[in-house]
Amino acid sequence: MSLELFGTWLAALLTLCIFSFLYKDNPFYKFAEHLFVGVSAGYWLCYNYWNMVKPNLIDNLEAHNWEYLLPLILSAFMLMRLIPKVGWLSRWAIAFMIGSGAGLMIITYLQSNFLEQIKSTLVSLDPTGLPWYVVLNSFLIFVGVVSGLVYFFFSKAHTGVTGGVARVGVVFLMVCFGASFGYTVMARISLLIGRMYFLLHDWLGLV
Amino acid sequence: MTRRPHRFLRRAVLSLALPMLLFVLLVATGHAQSSAFDRPPAPVTNVALKDAPDDAGGAITISWTLSPDDAGGAMDVIGYDVRRSTSPDGPFQTVKSVPRGSSEAADETDLDSDVNYFYRVVVKDAKGEAPSVVAGPVQAKVQWFNLGRLNTLIATIIYITLLLYFIFHAKKGKKLFIRRLAGLDALDEAVGRATEMGKPILYVPGISQISDVATIASINILSGVARTVAEYNTRVIVPNYDPIVMTVAQEVVREGFLAAGKPDAYDEHDVFYVTTNQFAFVAAVDGIMVREKPATNLFIGMFFAESLILAETGASTGAIQIAGTDAVAQIPFFIAACDYTLIGEELYAASAYLSRAPLLLGSLKGQDWMKICLIGCIAVGVVTLLFGIESFRDFFETPLMIFRQ
């Protein structure tokens, strides 16, 4: 039996083990689950070493880029959690990561969620020279964005006018989610088709 | 009768002369064209070099006047090569090629800042090429400010000012109102149900990294959940996708138990790392749900394609499920399969509501005021567009042009 054929059989049997969960939890599923978790954890350990630690840290230190000592020290701080007396040092590394991550994201979010949102919503409602459906589309965009924003306004209870506008916002949100649901389900079905094709074509050769 | 031969003669002369004249013209033009095709094209003129504005020093813009054989003349130009050297004497290497009709190119190939560069533009046709005179020197300089992002700077200043203002007020003890969220009302009920049933609570903080805003919000909510769980003497299981998130989650849950006055009830083995593989993580969490049978499942944070698998498995075990994510594509699945869902920004509001921390309350208020600014900008923009004024909209598209005008 060639290695490739062995791999196909192994993948097919493990796929069936995972599918068996559709019936109920059973030893085959447990075996496949534990194997999947163990193999993937080991794989990501190696992956992270060769793709993160070595090129970003070790190679830079070997090139005498001494500023990379800072991440090395912060990494060492993370490991201090194993020593209860100095475990508090790990908080410095965590604070650094959360703070820098959130700080960098502010600009990205302002750019993409604030300015781009304004830019995309600034549509002309002037019907002169435009087909009625284009104007209607622009109007719906305007109403949908404004009412959606009102729904996510937390400083005022959803009563009175605010509540009415927020309800309109919820309708727009649910229409959006419905469309997204249908679109994503189609993508998931294609994943299932891919797996069934593997079983029926690559493994059994039936199709 | 005497006029007829004269007319005949005139017609005969004209009928002979016209074809001859046409023949002479064709021969003359053909000769001129063939001679234009035989020689290389005329070189470009007025080569101008400019450091590209608003960048980190990695680009130079080269412009020129088209070759006379491109704009007119033989019209047989194929394209232009932009060649660069660090010395006016060469050697010059091609760094960019552009088709005919192009009178500008940007060189972004391995340029160092503060180094003198010289350029020549070479025009090419089928018969050969003709270089321009050498232009330069020019340097690719680093600019401190990207004026194209001026609108981002203004928005950032407004946002941070609002945040600081409201955080300052919250810290002074001023009461800041936040409306109640349906999902949070269910949280206490869900924890109470788990206590009554003697079953654990499963808390999945998403499958993203700690720098993700949704993960940070999830950790804040976990803090409140851990305190409530400790008060009720219930167990909370927190499987983690990311090792750093696990570290933070362990800290937060420990502190929650400490705040509830029950540090000994905390079991660090309940907050554990599974794997950094998406579907292996899902397989493991599904296994936990069917074996441990938690009374309550909380899926709060950033989720991707695994959202429906998790929520459906949880629903099949009969657990109360509360989800919260800002991943727009996953919210529909949680709405379909969970009892309560925190939609998008409600996730951030929930963390502020539960913790009542001045920092979070203040930042939530700041965000609300930014939303008012957003609505105001959209309203003003739409009204100005109705009156045909486009400069307001242009500011959000190309602030640089407005600034320079």
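Broken down by element type, chain A carries six helices and zero strands. Put simply, chain A runs from its N terminus to its C terminus through helices and strands in the order α-α-α-α-α-α. Taking 2.2 N^0.38 as the reference for a compact globule, 207 residues should give roughly 17 Å; the C-alpha atoms of chain A span a radius of gyration of 27 Å, well beyond that estimate. Its C-alpha atoms put chain A at 70 × 60 × 35 Å along the principal axes. Contacts in chain A between residues far apart in sequence, at least 24 positions, make up 16% of those at least 6 positions apart.

So, about the overall build of chain B. When its secondary structure is counted, chain B shows 13 helices and 14 strands. Expressed as a percentage of its 405 residues, the buried residues of chain B come to 40%. At a minimum sequence separation of 6, the contacts of chain B that also span at least 24 residues come to 69%.

On to the domain arrangement of chain A. Structurally, chain A comprises domain 1 (1-64), domain 2 (81-122) and domain 3 (125-207). The distance between the C-alpha centroids of domain 2 of chain A and domain 3 of chain A comes to 28 Å.

The topology assignment puts L386 of chain B in helix α11 (residues 358-386). Separated by 53 residues in the primary sequence, L386 of chain B and F333 of chain B place their C-alpha atoms 39 Å from one another.

On to the sheet that holds strand β5 (residues 104-107) of chain B. All names here are of chain B. Pairing in this open sheet of three strands is antiparallel, and the strands run β1-β2-β5 from one edge to the other. Taken across any chain shown, the strands that pair with only one partner, and hence form the sheet edges, are β1 (45-51) and β5. Each adjacent strand pair in this sheet contributes to an overall mean axis angle of 20°, direction not counted. Both β1 and strand β2 (residues 60-65) contribute to a ladder of five bridges, which runs antiparallel. Pairing of K50 across the sheet is with T61, part of β2.

The terminal C-alpha atoms of α11 of chain B lie 42 Å apart, and with 29 residues this matches the ideal 42 Å at 1.5 Å per residue to within 8%. After α11 of chain B finishes, the residue G388 of chain B shows a positive phi value of roughly 80°.

Turning our eyes to something else, we now look at the pairing of strand β10 (residues 236-240) of chain B. Successive side chains on a regular strand alternate, one facing one side of the sheet and the next facing the other. Residues and elements named next belong to chain B. In terms of burial, β10 is a largely internal element, five of the five residues being buried. Neither face of β10 is left uncovered, since the one carrying V236, V238 and N240 and the one carrying I237 and P239 both have all their residues buried. Bridging between strand β9 (residues 201-204) and β10 involves two bridges; their strand directions are parallel. Its bridge partner being in β10, I201 is matched across the sheet by V236. Each parallel crossover has a hand, and the one from β9 via helix α5 (residues 213-231) to β10 is right-handed. Looking at chain direction, β10 and strand β11 (residues 271-273) are connected through three bridges and run parallel. The partner of P239 across the bridge, within β11, is F272. For the segment spanning β10, helix α6 (residues 243-259) and β11, crossover handedness is right-handed.

This part covers the confidence of the model for chain A. Residues of chain A with pLDDT of at least 70 account for 100%, and the chain-wide mean is 90. Of all helices and strands in chain A, the one with the weakest mean pLDDT is helix α4 (residues 89-121) of chain A (84), whereas helix α2 (residues 27-62) of chain A scores best (94).

Here we take up the sheet that holds strand β13 (residues 320-325) of chain B. The pairing of strands in a sheet comes from backbone hydrogen bonds and takes either a parallel or an antiparallel form. All names here are of chain B. If you trace the six strands from one edge of the open sheet to the other, you get β11-β10-β9-β12-β13-β14, paired in parallel fashion. Two strands close off the open sheet at either side, each with one partner strand: β11 and β14 (340-343). Averaged over all pairs of adjacent strands, the angle between their axes in this sheet comes to 15°, without regard to strand direction. The sheet contact formed by β9 and strand β12 (residues 296-300) spans four bridges and is parallel. The residue of β12 that forms the bridge with V204 is F299. Packed on one face of the sheet, helix α8 (residues 307-316) meets β9, β12 and β13 and runs near 165° to β13.

Before going further, it helps to spend a moment on the domain arrangement of chain B. Accessible area lost when the parts come together is the quantity often used to give the size of an interface. What the domain assignment lists for chain B is domain 1 (45-138) and domain 2 (176-356). Each of domain 1 of chain B and domain 2 of chain B was reduced to a C-alpha centroid, and the two centroids are 59 Å apart.

A few words now on the packing of α4 of chain A against α11 of chain B. Following both chains from N to C, one finds α4 of chain A and α11 of chain B inclined at 25°, their axes separated by 9 Å at the closest point. As judged from the angle between their axes, α4 of chain A and α11 of chain B are roughly parallel. The hand of the α4 of chain A/α11 of chain B crossing is right-handed. Only M370, L374, C377, I378 and G381 of chain B of α11 of chain B make contact with α4 of chain A, whose side of the interface consists of F114, Q117, I118 and T121 of chain A. Partitioning the contact of α4 of chain A with α11 of chain B into residue classes produces six nonpolar, three polar and no charged.

Cut-off values and rules
Residues numbered from 1 in each chain as written. Chains lettered and ligands numbered in written order. Predicted model: local features only at pLDDT ≥ 70, side-chain atom pairs only at ≥ 80, totals over all residues. Helix = DSSP H or I, 4+ residues; strand = E, 2+ residues; numbered from the N terminus. Rg over C-alpha atoms; globule rule 2.2 N^0.38 Å. Contact = placed C-beta atoms within 7 Å. Buried ≥ 20, exposed ≤ 12 C-beta atoms within 10 Å, placed from the backbone. Domains from an automatic or database assignment. Pairing = 2+ DSSP bridges. Axes fitted to C-alpha atoms, helices over the stretch in contact; angles between N-to-C directions. Expected span 1.5 Å × (residues − 1). Right-handed = clockwise from strand over helix to strand, strands pointing away. pLDDT = per-residue confidence, 0-100. Parallel < 35°, antiparallel > 145°, perpendicular 65-115°, else oblique. Left-handed = near helix turned anticlockwise from the far one by under 90°. Nonpolar A, V, L, I, M, F, W, Y, C, P; charged D, E, K, R; others polar.

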